[in-house]
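The lines below spell out each chain.
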Amino acid sequence: MKIEQIYTGCLAQGAYYIESNGEVAIIDPLRETEPYVVKAEEAGAKIKYIFETHFHADFVSGHVDLANKTGATIVYGPGAKTEYDIHEATDGEVFNLGVIKIKVLHTPGHTPESSSYLLIDENGKEHALFSGDTLFIGDVGRPDLAVKSDLSQEDLAGMLFDSLRNKIMTLPDDVIVYPAHGAGSACGKNMSKETHDLLGNQKKNNYALRADMTKEEFIKEVTTGILPPPQYFAKNAMMNKSGVDSLDTIMDRGNVPLSVDEFEAMANHEGALVLDTRKPQEFAQGHIPNSVFIGIDGSFAPWVGALIPDLQQPIIFIADEGREEEVVIRLSRVGYDNTLGYLKGGFKAWKQAEKEIDTVKSIPASEFAEDYAAKDINVMDVRKPSEYEAEHVENAVNSPLDFINKNMNDFEASKEYYLHCAGGYRSMIMASILKSRGIHNLIDVQGGFKAIAETDIKKTAFVCPSTKTA
């Protein structure tokens, strides 16, 4: 028996490759199917099942594409209805894989169809639980993401309480928990950086598994302090229910080199959004006017999903040489399938063609501290509310990047703004969006609050986030 967790940091997502006696099961695959196919071929094994724990909201699954390429059966839990062929499992149904078994545990709560998969080894021992978004390390799934459900988040939270107590907490303490996500995912509130753990440890340390917790306490705990889900979540979940184009088709359309003139024409006359995926300071030093920066080396796909409302938006992009295919794949992971090509030769080609360029003023934290002490300035902290509440520059205004599309009225074209985040990534995204919408009098603070904290600038007293109730 072989279990391999295939973890994707950008999405904080874990897919799983399980192999036994020449047969393979894949749990919660990403959009790109080649890694799974190649892994099975190298082992001389056949992919027999594709198990989906639920209709994912934070990424587009590759299950349909993988099934078409391998002949594998797609398995969902009870209540899952799709526009493509699946095996809708019953609660307690057992699937044979080589010499091991995989048992379906219907665990509704995160969504109505959510199911966990219990791996039983060749000796009949309950070995591992693939818990999807039902149970994370240190947390549980949020109960407000059900697509077109008539159930309230309180209803689903109550179902989640029962699922955890009746289906999962009754399992042996030495069962290994393999969740679908870790820290950084928006599918929970307080996930650990660890990506697996023993169930016994979770029973001791996970707030949601406290033995004496009442259902009412649980419902209040898991529904308090949930930020609104990113706008793409419901759209991705619907894509996973209905099926999508093969990634091969997306790559043929999107991984296309464009000359400077072709690129400019698409931007000016065909309504394509220009996405710059380079490093923050490279963007600051020079970029195509009205382009939006979202760097490939940060949480790229989630920020694209949070900030670009239309999944059908035509996108053309600038990338470092050799990373063009990566950009198209990572856009497709969250459902942005209308990529039309990239600038051949990158930003260097644009400059060599003597096209118009724009810049963002970006200063070190020491200079920011001097300006703060010398004059009355507008400081915009673009971090999440919880980060801001924990500690911030005195008199700074919190305008989270997450809500920029709703909060454009926070900014006036006639005023000058100093922008900072935690490390310099989100503030540059914010600056690019503001500039694309006519707000140009901006100063980015390099290194964000981490660098600012090293200066003697006035800050509020630190409040540990874990001591706050919401």
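In what follows, the accompanying structure is described. Here the residue index of a chain counts from 1 through its sequence in written order. It should be noted that, the model being predicted, local features are given only for residues of pLDDT at least 70 and side-chain atom pairs only at 80 or more, the latter also being counted only at that level, while totals for whole chains, interfaces and linings use all residues. Only hydrogens and water are removed before side-chain values are computed, so all heavy atoms of the structure are retained for them.

1. Some points on the environment of Asn255
Only runs of H or I of at least four residues qualify as helices and only runs of E of at least two qualify as strands under DSSP, and these elements are numbered from the N terminus. Tracing the backbone shows Asn255 in the loop between helix H7 (247-254) and strand E13 (257-258). Between buried and exposed lies partly exposed: a residue is buried under 20% and exposed over 50% of the maximum accessible area for its type, with that area taken using a 1.4 Å probe on protein chains only. Judged by its relative accessible area of 27%, Asn255 is partly exposed. Residues Asn255 and Ile316 lie 61 residues apart in sequence; the distance between their C-alpha atoms is 9.8 Å.

2. Here we look at the sheet that holds strand E20 (residues 397-398)
The criterion for strand pairing is that DSSP finds at least two bridges linking the strands in question. With parallel pairing, the five strands of this open sheet are ordered in space as E18-E22-E21-E19-E20. Two strands bound the open sheet, and with one partner strand each, they are strand E18 (361-363) and E20. Pairing between E18 and strand E22 (residues 442-445): three bridges, direction parallel. The residue of E22 that forms the bridge with Ile363 is Val445. Most of the contacts of helix H13 (residues 365-374) go to E18, to which it runs at about 95°, and overall it touches E18, strand E19 (378-381), strand E21 (417-420) and E22. The criterion used for residue contact is that any of the two residues' heavy atoms lie within 4.5 Å. The convention used is that axes are lines fitted to C-alpha atoms, helices contributing only their stretch in contact, and that angles between N-to-C directions extend from 0 to 180 degrees. Here helix H15 (residues 425-436) sits on the sheet in contact with E18, E21 and E22, set at roughly 170° to E22.

3. What to know about the state of the cysteines
The disulfide criterion used throughout: a pair of cysteine sulfur atoms within 2.5 Å. All told, the structure shown has zero disulfides when counted by the stated rule. Cys421 carries a free sulfur, and the closest cysteine sulfur to it, the one in Cys10, is 16 Å from it. On the basis of relative accessibility, which here comes to 1%, the residue Cys421 falls in the buried class.

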